[in-house]
Amino acid sequence: MTLAVALPQASAADGTNLSLGAGADGSSKASGTSYGNVKDGNTSTYWSPASATGYVSVKWGSATTVSSAVIRQASGGGSISAWRLLNADNGAVLTSGSGSPSTISFASTSLKKLTLDITSASGAPRIAEFETYSSGGGSNPTPTPTSTGSTPTPTPTSTGGGGTPTTTWPTSRGNVSISSTQNVSSTFDGGMKTYCCMGDGSQNESQDPMFKLANGATLQNVIIGSPAGDGVHCEGTCTLRNVWWNDIGEDAATFKGTGGGTSYVIGGGAKSGSDKTFQHNGNGTVNISGFYLKGTGKLYRGCGNCTTSYQRHVVIDNVILDDVDYVAGINSNWGDTATITRVTVYNNTSIHVCAKYKGVAKGSEPTYLGDGWNDANCKVKQSDITYR
């Protein structure tokens, strides 16, 4: 935790703070705080999320080149333990880290909106200033790459998305009954209420989703009850933050976007399924971090017999799997990749970590080819998996 009043503002010699005069927005905010407080040059004011996690953004009317940020926290808030810095124009992770952020450097990027995404903290943090610079800005260290290795296009932008998994199921703050699909165009915060009931809880492929997310939309702080229909559909890229499935139903979420880009599952958990949790029908990348899964078949599966075949990528980091058969299933003949790190497995020492399949045309069944380790498709080592 940092006392904001003890931190000096960057001098002109360090570069111009691009946040001054810019706009700001973000996720939910604690009472009495404002997004604009992070870019007003005053360390005695701050923005704080309504819970331990949340995000705040600085935005400009036209593309602005940024290569570093300085995060100044006010005293009295929670301690940040994991965070990401996002190019909010396309959802790309510019860099991520653990512990309390201060000066953050990354590859010079032209963008209209930069987001600080707090994915884990001991309580609601207090961000006094979110300074941005085209160069310099405080004690600016040499930029550090945020990903390693090479993957086929499109390349995942990070080997993890932050977040800390928990096996403690959240307490519901109320029940909401819905009988038809809820369309989400921007951000829907469920306030940790339980939403149900649609469908029959089976694997029937014809069930409607409970939530349908438009391109770029976010669903957060939601508990999905039973029956859950076909869960969540992402029509483009989307973010699922702190979403919990009491019943996976047909699938917890299906990623259908065909415009590339990255969708994120940050935190949350799911249980009581029989097959897939996250189904990837479109293209691009699905990034899963800080997630807890109990009692089902697969965490992730890239569709092996959809109407249209795509190359797909998944990035899985820092997840807990209990009584699960597969971490990821990919189609190696289409160039799919799975980048997997920090997986803890309970009650299944024979789990398939990166299962390769031969993708086929619709109407046929994919062929299982075997598991891969540390190769062109399966970017995972034995040391990345811990068995309990």
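None of the values given here were measured: they were computed from a predicted structure. (Residues numbered from 1 in each chain as written. Predicted model: local features only at pLDDT ≥ 70, side-chain atom pairs only at ≥ 80, totals over all residues. Heavy atoms only, no water.)

K.L.:
Where do I start with the overall build of the chain in this structure?
P.N.:
In terms of regular secondary structure, the chain is built from zero helices and 25 strands. Within the chain, the proportion of its 388 residues that are buried is 54%. In the chain, the proportion of contacts linking residues at least 24 apart, taken out of those at least 6 apart, comes to 66%. Counting every atom, the chain has about 15,000 Å² of accessible surface; 47% of that belongs to carbon and sulfur. (Helix = DSSP H or I, 4+ residues; strand = E, 2+ residues; numbered from the N terminus. Buried < 20%, exposed > 50% of the residue type's maximum accessible area, 1.4 Å probe, protein only. Contact = heavy atoms within 4.5 Å. Areas by Shrake-Rupley, 256 points an atom, 1.4 Å probe, with all protein chains shown as cover.)

K.L.:
Could you clarify how one ought to interpret the environment of Gly259 in this entry?
P.N.:
Mapped onto the secondary structure, Gly259 falls in the loop between strand E14 (253–255) and strand E15 (262–266). For the pair Gly259 and Asn283, spaced 24 residues apart in the sequence, the C-alpha separation amounts to 7.1 Å.

K.L.:
Just to check I follow, could you spell out the state of the cysteines for this structure?
P.N.:
For the structure shown, the criterion picks out four disulfides. Across the disulfide, Cys234 is cross-linked to Cys238 (sulfur-sulfur distance 2.0 Å). Around the S-S axis, the bridge from Cys234 to Cys238 shows a dihedral of about 75° and counts as right-handed. A sulfur-sulfur separation of 2.1 Å characterises the disulfide bridge that pairs Cys303 with Cys306. The S-S bond linking Cys303 to Cys306 shows a torsion near 110°; that makes this disulfide right-handed. Judged by its relative accessible area of 15%, Cys306 is buried. Of note for the chain: the bonded cysteines, numbered N- to C-terminal, pair according to 1-2, 3-4, 5-6, 7-8. (Disulfide = S-S within 2.5 Å.)

K.L.:
Just checking my understanding: could you explain the packing of aromatic side chains for this structure?
P.N.:
Each pair of aromatic rings is reported with the distance of its centres and the angle of its planes. Overall, the coordinates contain ten aromatic pairs when judged by the stated rule. Aromatic side chains Phe188 and Tyr195 sit 5.8 Å apart centroid to centroid with 75° between the ring planes, which places their arrangement in the edge-to-face category. One aromatic cluster is present, built from ring pairs that chain together Trp245, Phe255, Phe278 and Phe291. For the cation-ring pair, Lys271 lies above Trp169, with the distance from its terminal atom to the ring centre recorded as 4.4 Å. (Phe/Tyr/Trp six-rings, centres within 6.5 Å; stacked < 30°, edge-to-face > 60°. Lys NZ or Arg CZ within 6 Å of the ring centre and 35° of its normal.)

K.L.:
Explanation requested: unusual backbone geometry in the structure shown.
P.N.:
Backbone geometry follows two general trends: most residues other than glycine have a negative phi, and most peptide bonds adopt the trans configuration. Residue Cys197 follows Cys196 across a cis peptide bond; omega there is 20°. Its place among the elements puts Cys197 in the loop between strand E9 (187–196) and strand E10 (211–213). Cis geometry is found at the peptide bond from Ser226 to Pro227, where omega equals 0°. Tracing the sequence through the fold places Pro227 in the loop between strand E11 (217–224) and strand E12 (232–234). The phi torsion at Asp323 lies on the positive side, around 60°, for a residue other than glycine. Positionally, Asp323 belongs in strand E20 (residues 312–331). Judged by relative accessible area, Asp323 falls into the partly exposed class, the value being 41%. In this model, Asn347 sits at a positive phi of 65°, which is unusual for a non-glycine residue.

K.L.:
Would you mind going over the nonpolar core with me for this structure?
P.N.:
Across soluble globular proteins, nonpolar side chains have a tendency to be buried as a group. By size, the foremost hydrophobic cluster in this structure holds 49 residues, and its most contacted members are Leu240, Trp245, Ile288 and Ile340. Among the elements that make up this core, the one with the highest residue count is E20 (eight residues). Counting 24 residues, the second largest nonpolar core, distinct from the first, contains Val38, Trp83, Leu111 and Ile118. (Core = buried A, V, L, I, M, F, W, Y, C linked by side-chain atoms within 4.5 Å.)

K.L.:
What's the story with the confidence of the model for the chain in this structure? I'm lost.
P.N.:
It should be kept in mind that the predicted coordinates are not to be read in detail where pLDDT is low. For the chain, per-residue confidence averages 85 on the pLDDT scale, and residues scoring 70 or more make up 87% of the total. The element-level mean pLDDT for the chain is lowest in strand E4 (residues 92–98), coming to 86, with strand E22 (residues 352–358) highest at 98. The low-confidence segment residues 1–14 (pLDDT under 50) makes 31 contacts with residues lying over four places distant or belonging to another chain. For the stretch residues 136–162, pLDDT sits under 50, and the model shows 68 contacts to residues farther than four places along the chain or on other chains. (pLDDT = per-residue confidence, 0-100.)

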